[in-house]
Each structure stands twice: as structure tokens, then as C-alpha cells.
Amino acid sequence: MRVSLFITCVSDIIFADVGKNTVEILERVGCEVDFPAAQTCCGQPAYNSGYLQEAKKSMKQMMRAFKDSQYVVGPSGSCVGMLKEYPAIFKGDPEWEQTAIELAHKSYEITQFLVEVLGVTDLGSTFKGKVTYHPSCHMTRLLGAKDAPQTLLKNVKGVEFIELPVKEDCCGFGGTFAVKNPEISGEMVKEKSRHVSETKAEYLVGGDMGCLMNIGGRMRREGKDVKVVHITEILNTHEQGGGIA
């Protein structure tokens, strides 16, 4: 099976290991991974800020970049969720609508692809530690990837999985929401930090790096010793008794 990696801006610029882990996981389950170098931002920041025409330039470039891909897989529910919005954005466009539909249909977040397309629920990973999971809004509510991440986490040998209280609450990031409404956003992430602390978990895991940066930043400022990691970092650990330093 051929899979094209959609690296996403945040992974490419800030969390390179997330991209590396995503590739290694896909190769472990037998996928042939390529990287279309023409890819760019999915257009979400500009689109959410009301700059539709500017956003469409990025979207068209993404459609060109992945036109020949069999599957497109990325490590962000938010960014992949944006690809799913393309058909509505280009509805009625004689040149781009069909291409938008095709890209949306073949695009998946990494855990969603593993569970729903490949039928993989156990990667044979080993990770020792108390883990809680933050289900980001875009991943669960827009993309609909609710069960796959937790299914994979719970099947990692050595993981003690702890449910996050009021887990469905937003962390306050919301992309441009945190910029436009910093006071409200700050109170939301403060509440999320408190809920994470209540679990007594050693690791907070998520599938969207923006949310993890937001929560992790708050917890560091509060002096809390909780490691905040992307889910691929847990799933790609296979040493006996392994953990993240």
C-alpha cells in the first residue's frame, strides 16, 4: 500500500520527531511511504481568519501535490480535518471540486488510518507509564476520529491508561481562537491543566500538536512535572520497559 506523508506545518517546523515516528509506524505495518515535496500549509489558519482567497491558493497547491497519491496520512487530526473541508469549499468549482472530493476521501489521521483502513489495533509497542489522553476538538468533532487513538494506546504493553476528567472540553487553543480571545483561552487551558493533574498521570498524550503546545506550556508555567507527548511517540516505542526521558 502506498501512503503519502502529509507532514503539517507544526510537525515540519517544530516537532520533526512526530513526522519521523509517523513514517516509521507506517513502514512497520507494511506501507510504502513517499513525501510529495510540493505540499504546503493546508490553508486552515488563513481560512479560519476569513482570508478565503488566500487560503484557496494553499488548498490548490495541496491538491496538486497529492493528486497521484493512493492514501494521504498525517499526524494531526486538525490538519487532516481541514482536507475534509475542501469539497464544501470548492463546491460548484468546475476545475477543482472533483479533485477536492478525491483528496478528502483518501486522507486520514495516522491512528484513524491504522485502525479504520488497515485494521491494526495493536502495534506491538511497549511503553511503561501512567498515561492520560486529551481528545482534541478538531480531531474528534470535525474529523470524527474518536476511538482509534485510545484503542491503540490501551493496547500498548506497559501503559496504565487513565481517563481524563471532562475530556471533551476544549483546551482553549483552537488555532486563531487563542490569539483572538487570549483571556478566555487562558482560563480554558488553566482548567484543562487542573484536570490533567487530577489523573496523577506521568504523560499527557494527544493527536494535535497545537493543543499539546498549549496545555504543555500552561503546565510548565505552573511547575507541573507532566510530560506532554504526541501519540506517535508512544506508539513507536518498542523497547521493553521503555519510557520517554
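Up top you'll find the structure we're talking about.
Computed from a prediction, not measured in an experiment: that's the story for all the values here.

A.B. asks: Whenever I open this one, the pattern of salt bridges confuses me. Can you help?
C.D. replies: Side-chain pairs of opposite charge can arise whenever the charged atoms involved come near each other. In total, this model carries 6 salt bridges according to the counting rule given. Residue Glu 163 is joined to Lys 154 by a salt bridge in which the shortest nitrogen-to-oxygen separation is 3.9 Å. A relative accessible area of 41% places Glu 163 in the partly exposed class.

A.B. asks: How should I be thinking about the nonpolar core in this particular structure?
C.D. replies: For soluble globular proteins, the rule of thumb is that nonpolar side chains tend to be buried together. With 47 residues, the main nonpolar core has Phe 6, Leu 83, Tyr 86, Phe 90, Phe 113, Val 205 and Ile 234 as its most contacted residues. Discounting chain neighbours no more than four positions away, the residues touching Tyr 86 are Cys 42, Met 59, Met 62, Met 63, Ala 100 and Leu 103. One finds Cys 171, Cys 211, Ile 215 and Met 219 within the second-largest nonpolar core, a separate group that totals 9 residues.

A.B. asks: What is the right way to look at the packing of aromatic side chains in this model?
C.D. replies: The geometry of two aromatic rings is summed up by the distance between their centres and the angle between their planes. The full count for this structure, using the stated rule, is 6 aromatic pairs. Between Phe 6 and Phe 66 the ring centres are 6.2 Å apart and the planes differ by 70°, which places this aromatic pair in the edge-to-face class. Residue Phe 6 is located in the loop between β1 (2-5) and α1 (9-13), and its partner Phe 66 is located in the loop between α4 (52-65) and β3 (71-74); the two are separated by 60 residues in the primary sequence. Of the two residues examined, Phe 6 and Phe 66, each falls in the buried class. Plain terms: the ring middles of Tyr 108 and Phe 113 are 5.9 Å apart, the flat faces sit at 50° to each other, and that makes the pair tilted. By relative accessible area, which is 17% here, Tyr 108 ends up buried. Positioned above the aromatic ring of Phe 90 is the side chain of Lys 56, whose terminal nitrogen or guanidinium carbon lies 5.3 Å from the ring centre.

A.B. asks: Hey, could you run me through the packing of helix α12 (residues 182-199) against helix α13 (residues 209-221) in this one?
C.D. replies: Packed helices, taken two at a time, are described by the angle their axes make and the gap between the axes. Contact geometry for α12 and α13: axes closest at 9 Å, N-to-C directions at 75°. The angle between α12 and α13 places the two elements in the roughly perpendicular class. Seen from α12, the contacting residues are Gly 186, Val 189, Lys 190, Lys 192, Ser 193, Val 196 and Ser 197; seen from α13, they are Asn 214, Ile 215, Arg 218 and Met 219. Among the residues forming the contact of α12 with α13, the class breakdown is 4 nonpolar, 4 polar and 3 charged.

Reading the values: the criteria
- Residues numbered from 1 in each chain as written.
- Predicted model: local features only at pLDDT ≥ 70, side-chain atom pairs only at ≥ 80, totals over all residues.
- Heavy atoms only, no water.
- Salt bridge = Lys/Arg side-chain N within 4 Å of Asp/Glu carboxyl O.
- Buried < 20%, exposed > 50% of the residue type's maximum accessible area, 1.4 Å probe, protein only.
- Core = buried A, V, L, I, M, F, W, Y, C linked by side-chain atoms within 4.5 Å.
- Contact = heavy atoms within 4.5 Å.
- Phe/Tyr/Trp six-rings, centres within 6.5 Å; stacked < 30°, edge-to-face > 60°.
- Helix = DSSP H or I, 4+ residues; strand = E, 2+ residues; numbered from the N terminus.
- Lys NZ or Arg CZ within 6 Å of the ring centre and 35° of its normal.
- Axes fitted to C-alpha atoms, helices over the stretch in contact; angles between N-to-C directions.
- Parallel < 35°, antiparallel > 145°, perpendicular 65-115°, else oblique.
- Nonpolar A, V, L, I, M, F, W, Y, C, P; charged D, E, K, R; others polar.

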